[in-house]
Amino acid sequence: MLFGRAPLRVQPYFGFRGEERLFLTARALRSREPVFESRNFLSDLRTMVRQYASHEVPGVEIEFEYRQDDGASVTRRVATGPEGFAHFDLAFPAPHTRPEFTRWETATLRWNAVAGEHDAGEAEAYILAPGRKAGLAVISDIDDTIVETGITGNVRVIARNWKRVMAQMPHARELVPGARDFYGVLGGGTAAAIAPPPDLAGGELPVQHRPVFYVSSSPWNLFSYLVAFKRQRDLPIGPVMLRDWGFNRATLGSEGHGSHKREAIDRIIDQYPDLRFVLVGDDTQKDLIAFGGVVADLPGRVAAVFIREISLAAASEAELAARSSIEQAGVPFWMGSDYSDAHDLLAQIGLAEDPAVEDIIRAGEVS
(Lines give C-alpha, C1' and ligand atoms only; values in the text may rest on other atoms or scores of the structure.)
Protein backbone atom coordinates (compact mmCIF):
# COMPACT_ATOMS: atom_id res chain seq x y z
CA MET A 1 0.00 0.00 0.00
CA LEU A 2 1.13 3.55 -0.66
CA PHE A 3 -0.19 4.93 2.61
CA GLY A 4 -0.95 2.19 5.15
CA ARG A 5 -2.36 3.93 8.17
CA ALA A 6 -0.33 7.11 8.03
CA PRO A 7 -0.95 9.74 10.71
CA LEU A 8 -3.13 12.78 10.08
CA ARG A 9 -1.14 15.80 8.97
CA VAL A 10 -2.56 19.24 8.24
CA GLN A 11 -0.52 21.02 5.57
CA PRO A 12 -0.86 24.81 5.69
CA TYR A 13 -0.02 26.50 2.41
CA PHE A 14 1.44 30.00 2.41
CA GLY A 15 -1.26 32.61 2.96
CA PHE A 16 -1.34 36.36 2.40
CA ARG A 17 -3.15 39.36 3.81
CA GLY A 18 -4.07 42.90 2.98
CA GLU A 19 -5.49 45.46 5.39
CA GLU A 20 -9.06 44.19 5.13
CA ARG A 21 -8.78 40.41 4.58
CA LEU A 22 -6.58 37.38 5.09
CA PHE A 23 -6.48 34.26 2.90
CA LEU A 24 -5.07 30.85 3.74
CA THR A 25 -5.65 27.32 2.44
CA ALA A 26 -4.76 24.16 4.37
CA ARG A 27 -5.27 20.49 3.65
CA ALA A 28 -5.79 17.46 5.90
CA LEU A 29 -3.85 14.44 4.64
CA ARG A 30 -2.87 11.02 5.83
CA SER A 31 0.81 11.19 5.05
CA ARG A 32 4.18 11.82 6.53
CA GLU A 33 6.11 14.96 5.72
CA PRO A 34 7.71 14.53 2.28
CA VAL A 35 11.45 14.00 2.04
CA PHE A 36 12.91 14.74 -1.38
CA GLU A 37 16.20 12.86 -1.24
CA SER A 38 17.31 11.14 -4.41
CA ARG A 39 18.21 7.47 -3.96
CA ASN A 40 17.46 5.53 -7.13
CA PHE A 41 14.91 5.62 -9.91
CA LEU A 42 12.33 3.36 -8.27
CA SER A 43 12.62 5.10 -4.90
CA ASP A 44 12.27 8.53 -6.50
CA LEU A 45 9.31 7.35 -8.58
CA ARG A 46 7.61 6.02 -5.44
CA THR A 47 8.18 9.37 -3.68
CA MET A 48 6.53 11.24 -6.55
CA VAL A 49 3.61 8.81 -6.82
CA ARG A 50 2.91 9.46 -3.14
CA GLN A 51 2.76 13.19 -3.88
CA TYR A 52 0.21 12.78 -6.66
CA ALA A 53 -1.85 9.97 -5.07
CA SER A 54 -2.63 11.86 -1.87
CA HIS A 55 -4.94 10.46 0.83
CA GLU A 56 -7.21 13.38 1.78
CA VAL A 57 -9.19 13.47 5.02
CA PRO A 58 -12.61 15.19 4.90
CA GLY A 59 -14.56 16.40 7.91
CA VAL A 60 -11.63 17.49 10.07
CA GLU A 61 -12.56 20.54 12.18
CA ILE A 62 -9.64 22.99 12.00
CA GLU A 63 -9.44 26.10 14.12
CA PHE A 64 -7.45 29.02 12.73
CA GLU A 65 -6.00 31.73 14.98
CA TYR A 66 -4.13 34.81 13.82
CA ARG A 67 -2.79 37.34 16.33
CA GLN A 68 -2.30 40.95 15.32
CA ASP A 69 0.53 43.13 16.60
CA ASP A 70 -1.78 44.69 19.18
CA GLY A 71 -2.62 41.27 20.63
CA ALA A 72 -6.10 41.03 19.14
CA SER A 73 -6.97 37.61 17.74
CA VAL A 74 -8.92 36.66 14.63
CA THR A 75 -10.25 33.10 14.73
CA ARG A 76 -12.27 30.87 12.44
CA ARG A 77 -13.26 27.20 12.49
CA VAL A 78 -13.64 25.34 9.18
CA ALA A 79 -14.28 21.67 8.40
CA THR A 80 -12.24 20.14 5.58
CA GLY A 81 -14.19 19.31 2.43
CA PRO A 82 -14.27 16.13 0.29
CA GLU A 83 -10.71 16.72 -1.00
CA GLY A 84 -9.36 17.60 2.45
CA PHE A 85 -9.17 21.36 1.87
CA ALA A 86 -9.99 24.05 4.42
CA HIS A 87 -10.19 27.55 2.94
CA PHE A 88 -9.90 30.47 5.35
CA ASP A 89 -11.12 33.86 4.09
CA LEU A 90 -11.22 36.20 7.06
CA ALA A 91 -12.30 39.83 7.21
CA PHE A 92 -10.55 41.86 9.89
CA PRO A 93 -12.95 43.57 12.33
CA ALA A 94 -11.06 46.84 11.71
CA PRO A 95 -8.42 47.82 9.12
CA HIS A 96 -5.15 46.05 9.95
CA THR A 97 -2.30 48.21 8.65
CA ARG A 98 0.36 46.38 6.69
CA PRO A 99 3.97 46.62 7.89
CA GLU A 100 6.31 49.19 6.41
CA PHE A 101 8.50 46.42 4.96
CA THR A 102 7.40 43.07 3.58
CA ARG A 103 7.44 40.26 6.15
CA TRP A 104 6.12 36.82 7.01
CA GLU A 105 3.60 36.62 9.83
CA THR A 106 2.35 33.50 11.59
CA ALA A 107 -0.95 31.89 12.46
CA THR A 108 -1.83 28.66 14.25
CA LEU A 109 -3.99 25.78 13.07
CA ARG A 110 -5.39 23.37 15.68
CA TRP A 111 -7.54 20.23 15.50
CA ASN A 112 -8.98 17.95 18.15
CA ALA A 113 -8.54 14.20 18.50
CA VAL A 114 -11.22 11.88 17.12
CA ALA A 115 -11.29 8.46 18.77
CA GLY A 116 -10.15 5.74 16.40
CA GLU A 117 -9.34 8.26 13.67
CA HIS A 118 -6.59 10.71 14.58
CA ASP A 119 -4.82 12.51 17.41
CA ALA A 120 -5.08 16.20 18.26
CA GLY A 121 -2.44 18.48 16.83
CA GLU A 122 -1.45 21.91 15.65
CA ALA A 123 0.60 23.45 12.87
CA GLU A 124 2.12 26.87 12.28
CA ALA A 125 1.04 28.66 9.12
CA TYR A 126 2.81 31.52 7.37
CA ILE A 127 1.10 34.64 6.05
CA LEU A 128 2.80 37.11 3.71
CA ALA A 129 2.19 40.78 4.51
CA PRO A 130 3.50 42.94 1.63
CA GLY A 131 5.24 46.07 2.85
CA ARG A 132 3.76 49.51 2.33
CA LYS A 133 7.08 50.58 0.78
CA ALA A 134 7.23 47.71 -1.71
CA GLY A 135 5.76 49.75 -4.59
CA LEU A 136 5.64 46.74 -6.89
CA ALA A 137 4.67 43.10 -6.50
CA VAL A 138 5.17 40.12 -8.80
CA ILE A 139 2.67 37.47 -9.93
CA SER A 140 4.36 34.56 -11.68
CA ASP A 141 3.52 31.24 -13.27
CA ILE A 142 5.71 28.22 -12.37
CA ASP A 143 5.76 25.45 -15.02
CA ASP A 144 8.03 26.42 -17.91
CA THR A 145 8.28 29.91 -16.42
CA ILE A 146 10.78 29.00 -13.69
CA VAL A 147 11.09 25.21 -13.99
CA GLU A 148 11.45 23.32 -17.25
CA THR A 149 8.84 20.58 -17.71
CA GLY A 150 9.72 19.29 -21.16
CA ILE A 151 6.11 18.20 -21.68
CA THR A 152 4.94 20.94 -24.00
CA GLY A 153 4.63 20.03 -27.65
CA ASN A 154 3.79 16.77 -29.38
CA VAL A 155 3.30 13.29 -27.92
CA ARG A 156 6.91 12.30 -28.64
CA VAL A 157 8.23 15.21 -26.59
CA ILE A 158 5.94 14.33 -23.69
CA ALA A 159 6.91 10.65 -23.80
CA ARG A 160 10.61 11.55 -23.85
CA ASN A 161 10.40 13.82 -20.80
CA TRP A 162 7.82 12.19 -18.50
CA LYS A 163 10.53 11.22 -16.01
CA ARG A 164 11.10 14.88 -15.20
CA VAL A 165 7.73 15.29 -13.53
CA MET A 166 7.27 11.72 -12.30
CA ALA A 167 10.68 10.62 -11.04
CA GLN A 168 13.04 13.57 -10.53
CA MET A 169 13.71 15.13 -7.14
CA PRO A 170 13.71 18.95 -6.90
CA HIS A 171 17.50 19.27 -7.04
CA ALA A 172 17.56 17.40 -10.36
CA ARG A 173 15.00 19.60 -12.12
CA GLU A 174 16.19 22.13 -14.66
CA LEU A 175 15.88 25.84 -13.95
CA VAL A 176 14.72 28.07 -16.81
CA PRO A 177 17.74 29.95 -18.27
CA GLY A 178 18.37 33.27 -16.54
CA ALA A 179 15.56 32.79 -13.99
CA ARG A 180 17.64 33.13 -10.82
CA ASP A 181 19.03 36.57 -11.65
CA PHE A 182 15.77 37.72 -13.25
CA TYR A 183 13.67 36.90 -10.18
CA GLY A 184 16.34 38.26 -7.88
CA VAL A 185 15.97 41.64 -9.59
CA LEU A 186 12.16 41.45 -9.57
CA GLY A 187 12.07 40.63 -5.87
CA GLY A 188 14.47 43.44 -4.98
CA GLY A 189 16.61 41.39 -2.61
CA THR A 190 16.01 39.56 0.65
CA ALA A 191 14.39 41.82 3.22
CA ALA A 192 14.07 39.53 6.26
CA ALA A 193 14.06 35.89 7.34
CA ILE A 194 12.11 33.74 9.79
CA ALA A 195 12.15 30.12 10.94
CA PRO A 196 10.63 27.74 8.38
CA PRO A 197 7.56 25.59 8.83
CA PRO A 198 8.35 21.96 9.80
CA ASP A 199 7.98 20.59 6.27
CA LEU A 200 10.47 23.13 4.90
CA ALA A 201 13.38 22.11 7.12
CA GLY A 202 16.82 23.12 5.97
CA GLY A 203 17.29 26.81 6.74
CA GLU A 204 15.58 30.16 6.83
CA LEU A 205 12.46 31.07 4.90
CA PRO A 206 13.37 34.33 3.15
CA VAL A 207 11.10 37.14 2.12
CA GLN A 208 11.76 39.57 -0.72
CA HIS A 209 11.45 43.35 -0.49
CA ARG A 210 8.93 43.18 -3.33
CA PRO A 211 6.43 40.36 -2.66
CA VAL A 212 6.31 37.51 -5.16
CA PHE A 213 3.12 35.47 -5.64
CA TYR A 214 2.93 32.29 -7.70
CA VAL A 215 -0.19 31.25 -9.63
CA SER A 216 0.06 27.90 -11.38
CA SER A 217 -2.10 25.16 -12.84
CA SER A 218 -0.01 22.50 -11.08
CA PRO A 219 -1.87 20.49 -8.42
CA TRP A 220 -1.74 21.37 -4.72
CA ASN A 221 -0.08 17.96 -4.22
CA LEU A 222 3.19 19.49 -5.51
CA PHE A 223 3.32 22.41 -3.07
CA SER A 224 6.19 21.09 -0.91
CA TYR A 225 8.05 19.86 -4.00
CA LEU A 226 7.85 23.26 -5.72
CA VAL A 227 8.88 25.13 -2.59
CA ALA A 228 11.88 22.80 -2.21
CA PHE A 229 12.85 23.52 -5.83
CA LYS A 230 12.67 27.28 -5.31
CA ARG A 231 14.65 27.16 -2.08
CA GLN A 232 17.40 25.09 -3.68
CA ARG A 233 17.65 27.57 -6.58
CA ASP A 234 17.54 30.73 -4.43
CA LEU A 235 14.28 31.83 -6.03
CA PRO A 236 11.86 34.07 -4.10
CA ILE A 237 9.51 32.26 -1.72
CA GLY A 238 5.93 33.50 -1.67
CA PRO A 239 2.28 32.45 -1.56
CA VAL A 240 1.45 29.74 -4.11
CA MET A 241 -1.99 29.35 -5.63
CA LEU A 242 -2.28 25.92 -7.23
CA ARG A 243 -5.27 23.86 -8.41
CA ASP A 244 -7.27 20.94 -7.14
CA TRP A 245 -7.06 18.49 -10.02
CA GLY A 246 -10.53 17.00 -10.09
CA PHE A 247 -11.80 14.97 -13.04
CA ASN A 248 -14.28 17.52 -14.31
CA ARG A 249 -14.51 20.19 -16.98
CA ALA A 250 -13.90 22.96 -14.46
CA THR A 251 -10.39 21.75 -13.65
CA LEU A 252 -9.24 19.84 -16.71
CA GLY A 253 -8.26 21.34 -20.05
CA SER A 254 -7.06 24.74 -21.16
CA GLU A 255 -10.21 26.57 -20.09
CA GLY A 256 -9.61 25.49 -16.49
CA HIS A 257 -6.04 26.81 -16.67
CA GLY A 258 -7.14 30.27 -17.75
CA SER A 259 -10.07 30.72 -15.38
CA HIS A 260 -8.08 29.52 -12.36
CA LYS A 261 -5.24 31.93 -13.05
CA ARG A 262 -7.45 34.91 -13.74
CA GLU A 263 -9.48 34.40 -10.55
CA ALA A 264 -6.31 34.06 -8.46
CA ILE A 265 -4.68 37.13 -10.04
CA ASP A 266 -7.78 39.24 -9.45
CA ARG A 267 -7.93 38.19 -5.79
CA ILE A 268 -4.31 39.19 -5.23
CA ILE A 269 -4.50 42.53 -7.01
CA ASP A 270 -7.72 43.44 -5.24
CA GLN A 271 -6.02 43.22 -1.83
CA TYR A 272 -3.33 45.80 -2.59
CA PRO A 273 -4.69 48.97 -4.23
CA ASP A 274 -1.39 50.75 -3.52
CA LEU A 275 0.75 48.25 -5.45
CA ARG A 276 1.37 47.80 -9.15
CA PHE A 277 2.11 44.34 -10.48
CA VAL A 278 4.63 42.68 -12.78
CA LEU A 279 3.09 39.63 -14.49
CA VAL A 280 5.35 36.76 -15.60
CA GLY A 281 4.29 33.66 -17.54
CA ASP A 282 4.90 31.62 -20.67
CA ASP A 283 3.17 30.94 -23.98
CA THR A 284 1.92 27.39 -23.26
CA GLN A 285 -1.10 27.87 -20.96
CA LYS A 286 -2.86 31.03 -22.17
CA ASP A 287 -0.94 33.26 -19.76
CA LEU A 288 -0.75 35.99 -22.39
CA ILE A 289 -4.53 35.97 -22.81
CA ALA A 290 -5.09 36.11 -19.05
CA PHE A 291 -2.57 38.93 -18.64
CA GLY A 292 -4.11 40.88 -21.52
CA GLY A 293 -7.47 40.67 -19.77
CA VAL A 294 -5.97 41.97 -16.53
CA VAL A 295 -4.40 44.94 -18.33
CA ALA A 296 -7.70 45.77 -20.06
CA ASP A 297 -9.91 45.36 -16.98
CA LEU A 298 -7.58 46.94 -14.41
CA PRO A 299 -5.98 49.95 -16.09
CA GLY A 300 -2.91 51.31 -14.35
CA ARG A 301 -2.39 48.25 -12.13
CA VAL A 302 0.10 46.35 -14.33
CA ALA A 303 3.66 47.68 -14.48
CA ALA A 304 5.01 45.18 -17.03
CA VAL A 305 4.32 41.81 -18.66
CA PHE A 306 6.99 39.18 -19.31
CA ILE A 307 6.20 36.08 -21.41
CA ARG A 308 8.71 33.29 -21.85
CA GLU A 309 8.46 31.92 -25.38
CA ILE A 310 8.84 28.14 -25.71
CA SER A 311 5.97 26.94 -27.90
CA LEU A 312 6.67 26.17 -31.54
CA ALA A 313 3.04 26.77 -32.49
CA ALA A 314 2.00 30.03 -34.12
CA ALA A 315 0.28 32.52 -31.85
CA SER A 316 -3.51 32.30 -31.86
CA GLU A 317 -5.73 35.23 -32.78
CA ALA A 318 -6.64 35.62 -29.10
CA GLU A 319 -2.96 35.77 -28.13
CA LEU A 320 -2.16 38.31 -30.82
CA ALA A 321 -5.11 40.43 -29.67
CA ALA A 322 -3.96 40.20 -26.06
CA ARG A 323 -0.45 41.32 -26.95
CA SER A 324 -1.82 44.20 -28.98
CA SER A 325 -4.04 45.36 -26.12
CA ILE A 326 -1.10 45.25 -23.69
CA GLU A 327 1.10 47.32 -25.97
CA GLN A 328 -1.68 49.77 -26.83
CA ALA A 329 -2.24 50.33 -23.10
CA GLY A 330 1.39 51.42 -22.84
CA VAL A 331 2.36 48.54 -20.56
CA PRO A 332 6.00 47.49 -21.10
CA PHE A 333 6.05 44.04 -22.72
CA TRP A 334 8.80 41.41 -23.23
CA MET A 335 8.66 38.07 -24.98
CA GLY A 336 11.70 35.82 -25.33
CA SER A 337 13.24 32.48 -24.43
CA ASP A 338 16.00 33.58 -22.01
CA TYR A 339 15.42 36.02 -19.16
CA SER A 340 18.92 37.38 -19.49
CA ASP A 341 17.60 39.10 -22.63
CA ALA A 342 14.99 40.96 -20.56
CA HIS A 343 17.50 43.32 -18.93
CA ASP A 344 16.49 46.30 -21.04
CA LEU A 345 12.86 46.06 -19.99
CA LEU A 346 13.85 45.61 -16.33
CA ALA A 347 15.81 48.84 -16.66
CA GLN A 348 12.88 50.55 -18.39
CA ILE A 349 10.59 49.87 -15.43
CA GLY A 350 13.28 50.96 -12.96
CA LEU A 351 14.28 47.58 -11.53
CA ALA A 352 17.60 46.67 -13.13
CA GLU A 353 19.38 49.48 -11.31
CA ASP A 354 17.67 50.44 -8.07
CA PRO A 355 20.16 52.04 -5.65
CA ALA A 356 17.39 52.68 -3.10
CA VAL A 357 16.67 49.00 -2.60
CA GLU A 358 19.81 48.27 -0.57
CA ASP A 359 19.04 51.02 1.95
CA ILE A 360 15.38 49.95 2.17
CA ILE A 361 16.34 46.32 2.74
CA ARG A 362 18.88 47.25 5.42
CA ALA A 363 16.30 49.35 7.23
CA GLY A 364 13.76 46.54 7.05
CA GLU A 365 16.16 44.03 8.60
CA VAL A 366 16.73 46.15 11.69
CA SER A 367 13.19 47.52 12.13
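Since we're looking at a predicted model, the values are computed, not measured.

Enquirer: An account of the overall build of the protein chain is requested, with residue identities and associated values reported.
Expert: On a plain count of helices and strands, the protein chain comes out with nine helices and 16 strands. When burial is assessed residue by residue, the protein chain has 53% of its 367 residues classed as buried. Expressed as a percentage of contacts within the protein chain between residues at least 6 apart in sequence, the contacts between residues at least 24 apart total 74%. For the protein chain, the exposed area adds up to about 16,700 Å²; of that, 51% sits on carbon and sulfur atoms.

Enquirer: Tell me about the packing of helix α6 (residues 287-297) against helix α7 (residues 317-328), and name the residues and values.
Expert: Packed helices, taken two at a time, are described by the angle between their axes plus the distance between the axes. Their axes nearest at 8 Å, the elements α6 and α7 cross at an angle of 35°. Like other packed secondary-structure pairs, α6 and α7 cross with a definite hand, here left-handed. Two secondary-structure elements touch here, α6 through L288, I289, F291, G292 and V295 and α7 through A318, E319, A322, R323, S325 and I326. Tallied by class, the residues present in the contact of α6 with α7 amount to seven nonpolar, two polar and two charged.

Enquirer: Can you lay out the packing of aromatic side chains for me, pointing to particular residues and giving the numbers?
Expert: Using the criterion set out here, one finds 16 aromatic pairs in the structure. Their ring planes at 85° and their centres at 5.6 Å tell us that F16 and F213 sit as a pair that is edge-to-face. Pair noted here: F16 is in strand β2 (residues 15-17) and F213 is in strand β12 (residues 212-219), with a separation of 197 residues, a long-range link. Taking the ring centre of Y214 as reference, the NZ or CZ of K230 above it sits at 3.5 Å.

Enquirer: How would you sum up the sheet that holds strand β15 (residues 302-308)? Please name residues and give values.
Expert: Taken together, six strands build an open sheet; the order of strands is β13-β12-β9-β14-β15-β16 and the sheet is parallel. In this open sheet, the two edge strands, each paired with only one partner strand, are β13 (240-243) and β16 (333-336). Here the strands of the sheet are splayed against their neighbours by 15° on average, with no regard to which way each runs. Of the strand pairs in this sheet, strand β14 (residues 276-282) and β15 are connected by six bridges, and their pairing is parallel. Each residue of the ladder has a partner; that of V278, found in β15, is A304. Lying on the sheet, helix α4 (residues 223-232) is in contact with β12 and β13; it crosses β13 at an angle near 140°.

Enquirer: Break down the nonpolar core for me, with residues and values.
Expert: Formed by 75 residues in total, the largest nonpolar core has its most connected members in V305 and F306. In contact with F306, other than residues within four places in its own chain, are F182, V278, L279, V280, G281, F291, W334, A342, L345, L346 and I349. In this structure, L8, A26, V78 and L90 belong to the second largest nonpolar core, which totals 23 residues.

Enquirer: Explain unusual backbone geometry to me, and be specific about the residues and the numbers.
Expert: Residue D144 is not a glycine yet carries a positive backbone phi of 65°. Position of D144 among the secondary structure elements: in the loop between β9 (136-140) and α2 (155-167). The exposure class of D144 is buried, given its relative accessible area of 4%. You will see that D234, though not glycine, has its phi angle at about 60°, which is positive.

Enquirer: Give me the lowdown on the pairing of strand β3 (residues 21-30), citing residues and values where you can.
Expert: Of all 10 residues in β3, nine are buried; the element is thus mostly enclosed. Taken together, the five bridges between strand β1 (residues 8-12) and β3 define a ladder with antiparallel strand orientation. Residue pairing across strands places P12 opposite A26, the latter belonging to β3. Alignment of β2 against β3, held across two bridges, turns out to be antiparallel. Bridge pairing in β3 places F16 opposite F23. Sheet analysis places β3 next to strand β6 (residues 85-91), joined by seven bridges and oriented antiparallel.

Reading the values: rules and limits
Residues numbered from 1 in each chain as written. Predicted model: local features only at pLDDT ≥ 70, side-chain atom pairs only at ≥ 80, totals over all residues. Heavy atoms only, no water. Helix = DSSP H or I, 4+ residues; strand = E, 2+ residues; numbered from the N terminus. Buried < 20%, exposed > 50% of the residue type's maximum accessible area, 1.4 Å probe, protein only. Contact = heavy atoms within 4.5 Å. Areas by Shrake-Rupley, 256 points an atom, 1.4 Å probe, with all protein chains shown as cover. Axes fitted to C-alpha atoms, helices over the stretch in contact; angles between N-to-C directions. Left-handed = near helix turned anticlockwise from the far one by under 90°. Nonpolar A, V, L, I, M, F, W, Y, C, P; charged D, E, K, R; others polar. Phe/Tyr/Trp six-rings, centres within 6.5 Å; stacked < 30°, edge-to-face > 60°. Lys NZ or Arg CZ within 6 Å of the ring centre and 35° of its normal. Pairing = 2+ DSSP bridges. Core = buried A, V, L, I, M, F, W, Y, C linked by side-chain atoms within 4.5 Å.

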